[in-house]
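Per-entry structural report
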Amino acid sequence: MEISTHKNVVIHAEGLTKIYEGVVPVKAVSNVHLHIEQGEFTALVGPSGSGKTTLLNLIGGLDTPTSGKVWIHGVNIADLKKNQLIDFRLNNIGFVFQAYNLIPVLTTRENIEFVMLLQKRPKEEREARIKQLLEETGLRDKENKRPSELSGGQQQRVAVARALASKPQFVLADEPTANLDSKTAENLLDMMARLNKDENMTFIFSTHDQRVIDRARRVITLVDGEVFSDTQSTMTSAHA
Amino acid sequence: MLVAIAWKNIWRNKVRSLVVIIAVMLGLWAGAFILAYVFGMINQRLQDAIGNEVSHLQIHHPEFSKDFDPKYVVHRGDSVLQMLLHDDQVKAATGRVLANGMVASATTSTGGKFIGVDPNLENSVTSFQHNVVAGEYLTNDDKNKIIIGQRLANKLKVKLKSKVVLTFQDVDGTIVAGAFRVKGIFQIYNSTLEENNLYLSRSDLAELLKVESEVHEIAVLLHDPEQVENYVTLLQTNYPLTLTQGWKQLAPELGLMIDSLDQYMIIFLVIILLALSFGIVNTMLMAVLERVREIGMLMAIGMNKMRLFTMISLETIFMVMIAAPTGLLLAYGTITWLGTSGLDLSGLYQEGYAAFGFKSIIYPQLDLIYYYRIMLLVILTAFLASLYPAITALRLDPVKAIRKL
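Residues numbered from 1 in each chain as written. Chains lettered and ligands numbered in written order. Predicted model: local features only at pLDDT ≥ 70, side-chain atom pairs only at ≥ 80, totals over all residues.

When helices and strands are counted, chain A shows seven helices and ten strands. Relative to a compact globule of 240 residues, whose C-alpha radius of gyration would be 18 Å, chain A shows 17 Å and is just as compact. Looking at chain A as a whole, 49% of its 240 residues are labelled buried. (Helix = DSSP H or I, 4+ residues; strand = E, 2+ residues; numbered from the N terminus. Rg over C-alpha atoms; globule rule 2.2 N^0.38 Å. Buried ≥ 20, exposed ≤ 12 C-beta atoms within 10 Å, placed from the backbone.)

The structure is reproduced here in structure tokens:
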């Protein structure tokens, strides 16, 4: 099979299937083909149990498919050994989780810096990136606060900043607005849309949230683990 | 960063971490103190045995120890003693005449060991003179004077200036007897010695035994106690008709105790650390299991296994590194204090200790090397104790871990 190595192709998935073995095997994702390009603002939607999170995990290399393959910038992630895959995730993928999942003992600044330290980036570069991300996420005045001192929306902003800190190829966000009230969710979406536009950062969300769906330029609907529809928005940017 | 996170992680649950820190601290304090107590007791016993009983080495006739027959005197004992008194390695030496027999007072009699000493030389080898609590110690001019233990005095119902009669066999096997007046009464930590040993002038006993200027025993103190074994070998080579024995052969139970003390103490320490390690494992396992989602997240965003392992190991090591120096410092203070003032157990175990030759005031002591050893063992224990929690963390599946509520 020929894989597109065009520089704009970030993610390419072929025949992705994930079956959870058990007394009754469950097919969470079934024969999904996917092609994501740089700068997309894509929503994976579908009812609960439709396989959104599983698909994100497969794309992000957190889970291994029962069959099928995922290429990220032309690299088949199934060919990577465990530690190589962890390093690959560190350098290529940003994660935003539904429950924020920040490191509670670290401040905002330290949470953002953490992945860059794992990447062993020089101090000057880290400082510049932290400053930039704090500005972009509007967290300048919260840089020395711990997660417990921040609201849900602020914590999710820190999570987004952390995801972007490593300068990843794309960001996978699993229901990022699920725990947020509508105003906070709107603010977060504004911020991500701005980052998408300004930094040409690729965002892929799994979501139930109509507000996210409305803002996405591409909506992939999953039903019972299969792609039910894949529609492009007529909007030219993620801005509402 | 890992160091900073590990340090901060310790203080997430302050109470739990403090409980572990205090447990390790108290465990080490108690462990180090017990070591110091045992070392102090054994060293005291060793010093007492060398100072009052066996000296660094002794020379006998090879057959003497078998049946204590007075005819087995040290071959050329007097010239051997003179040689020793002029040897630079020798701090002090003395010759003794010995006999076993009966001692009788006006009311009763009992068995005893009669030790004929040259008072001046004896004083340079033993500190026995300081044990005399009533009357006086012997002098070279004394004739038919004797020093007996308090326990023996009580048994014989005698006091100072009372008369006792010693009966024993001379070199020919003839029963001889001599009357002696009690000049001094001694008390000593060792109840057996206090009840059995009687000290009299060497010339008095030699005359009754008919051994003239011969001796049954030469006791020697060296300047350097480390040289005992070498010196024993040297004497044995130079005087093959004698039997030269170091204190380890003369008091084998003491030699065994000293030789095996290190191993016993290590085993004891390992048992304490093993008990502590279970507490550490339990705490760290709890700390890992309540952070499953966070650990899953760390693995997801790119923390590799080595870093995760290092972080959890550091958390354990940090807790122990707080506890261990504090516990050891506490132990050092206690040991230094009691090492000077002494731990007086005379109200509790005086009789029991005396029966085994131990003093009931213990002066705990612990060489600095043991503090280092304990510290190293503790760090090793902390590392080993962190293995199971760390491996548990490494086995987590990030996908399942992140979903964990």
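Here we take up the overall build of chain B. From N to C terminus, chain B includes 16 helices and twelve strands. Its C-alpha atoms give chain B a radius of gyration of 31 Å, clearly above 22 Å, the size a compact globule of 405 residues would have. Taken across its 405 residues, chain B has 44% of its residues classed as buried. Sequence-distant contacts, at least 24 apart, represent 80% of the contacts inside chain B between residues at least 6 apart. (Contact = placed C-beta atoms within 7 Å.)

Next up on the list: the interface of chain B and chain A. Chain B puts 18 residues into the contact, and the matching count from chain A is 18 residues. Broken down by secondary-structure element, the contributors of at least two residues to the side of chain B that touches chain A are helix H1 (2-10), helix H12 (292-301) and helix H16 (398-403) of chain B. Considering each element in turn, the side of chain B that touches chain A owes the most residues, six residues, to H12(B). Residue classes in the side of chain B that touches chain A are distributed as ten nonpolar, three polar and five charged. (Nonpolar A, V, L, I, M, F, W, Y, C, P; charged D, E, K, R; others polar.)

All names here are of chain B. Where strand E2 (residues 90-104) and strand E9 (residues 217-222) come together, six bridges link them in antiparallel fashion. Within E9, the residue paired with alanine 92 across the bridge is leucine 221. Two successive antiparallel strands, E2 and strand E3 (residues 109-117), enclose a turn made up of four residues. The pairing of E2 with strand E6 (residues 163-169) spans four bridges and is antiparallel. Residue pairing for E6: glycine 101 is matched across the bridge by phenylalanine 168. (Pairing = 2+ DSSP bridges.)

Pairing between the strands of a sheet comes from backbone hydrogen bonds, and it takes one of two forms, parallel or antiparallel. All names here are of chain A. Ordered by their spatial adjacency, four strands build an open sheet running E2-E1-E4-E5, and the pairing between neighbours is antiparallel. The open sheet has two edge strands with one neighbour each: strand E2 (26-37) and strand E5 (75-76). In this sheet, E5 lies alongside strand E4 (residues 67-72) in antiparallel orientation, the contact comprising two bridges. Residue isoleucine 72 lies in a different strand from E5, and its bridge partner there is valine 75.

All names here are of chain B. Running from N to C, helix H11 (residues 252-289) and helix H13 (residues 305-341) cross one another at 135 degrees; their axes reach a closest spacing of 11 Å. Taken as axis vectors, H11 and H13 run oblique relative to one another. For the element pair H11 and H13, the recorded crossing hand is right-handed. On H13, the residues that touch Ile280, Met284, Ala287 and Val288 of H11 are Ile312, Glu315 and Thr316. Here the residues of the contact of H11 with H13 are counted per class, giving five nonpolar, one polar and one charged. (Axes fitted to C-alpha atoms, helices over the stretch in contact; angles between N-to-C directions. Parallel < 35°, antiparallel > 145°, perpendicular 65-115°, else oblique. Left-handed = near helix turned anticlockwise from the far one by under 90°.)

Residues and elements named next belong to chain B. Within the largest apolar cluster, 122 residues are counted, with the highest numbers of intra-cluster contacts made by Leu28 and Ala32. Here this core gets twelve residues from one element, more than from any other, and that element is H13. Not counting chain neighbours up to four residues away, the residues in contact with leucine 28 comprise Ala324, Gly327, Leu328, Ala331, Ile374 and Val378. The next biggest cluster of nonpolar side chains, apart from the first, holds 62 residues, and it includes Val74, Leu81, Ala99 and Leu200. (Core = buried A, V, L, I, M, F, W, Y, C linked by C-beta atoms within 7 Å.)

All names here are of chain B. With their axes 8 Å apart at the nearest point, H13 and helix H15 (residues 368-394) run at an angle of 150 degrees to one another. The angle between the axes of H13 and H15 places the two elements in the roughly antiparallel class. Helix-helix and strand crossings are classified by hand; for H13 and H15 the assignment is right-handed. Residue composition of the contact of H13 with H15, by class: 20 nonpolar, three polar and one charged.

As for its placement among the helices and strands, Ile130(A) is situated in helix H4 (residues 123-136). Separated by 19 residues in sequence, Ile130(A) and Asn111(A) have C-alpha atoms that sit 9.9 Å apart.

Residue and element names in this part refer to chain A. The six strands lie next to each other as E6-E7-E8-E3-E9-E10, forming an open sheet whose pairing is mixed. Looking at which strands have only one partner, the edges of the open sheet turn out to be strand E6 (93-96) and strand E10 (226-232). Each neighbouring strand pair of the sheet contributes to a mean axis angle of 15 degrees, computed without reference to strand direction. Both strand E9 (residues 218-223) and E10 contribute to a ladder of six bridges, which runs antiparallel. Residue isoleucine 220 lies in a different strand from E10, and its bridge partner there is aspartate 230.

Chain-level pLDDT for chain B is 89 on average; 98% of the residues reach the 70-or-more range. Quick note on the complex model: pTM equals 0.74, ipTM equals 0.86. (pLDDT = per-residue confidence, 0-100.)

So, about the environment of Ser277(B). Within the element layout of this structure, Ser277(B) appears in helix H11. Those residues in contact with Ser277(B) that lie beyond four places of it in its chain are Thr381(B), Leu384(B) and Ala385(B).

Looking now at H15(B). Residues and elements named next belong to chain B. Over its 27 residues, H15 runs 38 Å from end to end, which matches the ideal 39 Å to within 8%, given 1.5 Å per residue. Of all the bends in H15, the largest measures some 35 degrees and sits at leucine 387, one to four residues before the proline proline 389. Tyr370, Tyr371, Ile374, Val378, Thr381, Ala382, Ala385, Ser386, Pro389, Ala390 and Ala393 are the residues of H15 that are buried. As for H15, its buried residues are in contact with helix H2 (14-53), H11, H12 and H13. (Expected span 1.5 Å × (residues − 1). Bend = angle between axes of the 7 residues up to and from the residue.)

A word on the pairing of E3(B). All names here are of chain B. Where E2 lies against E3, nine bridges are found, and the strand directions are antiparallel. Bridging across to E3, valine 97 finds its partner in glycine 116. In terms of strand pairing, E3 meets strand E8 (residues 197-201) through five bridges, oriented parallel. Residue pairing across strands places lysine 113 opposite asparagine 197, the latter belonging to E8.

Once that is clear, we can look at the environment of Ala165(A). Residues and elements named next belong to chain A. Along the chain, alanine 165 falls in helix H5 (residues 152-165). Classification of alanine 165 by C-beta neighbours within 10 Å gives buried; the count is 25. Spatially, the C-alpha atom of alanine 165 lies 19 Å from that of leucine 62, the residues being 103 residues apart in sequence. For alanine 165, the residues in contact, after removing those within four places along its chain, are Ile112, Val115, Met116, Arg129 and Leu133.

Once that is clear, we can look at the confidence of the model for chain A. For chain A, per-residue confidence averages 88 on the pLDDT scale, and 94% of positions sit at 70 or higher. Every residue in residues 236-240 of chain A is under pLDDT 50, and counting partners more than four places away or in other chains gives ten contacts.

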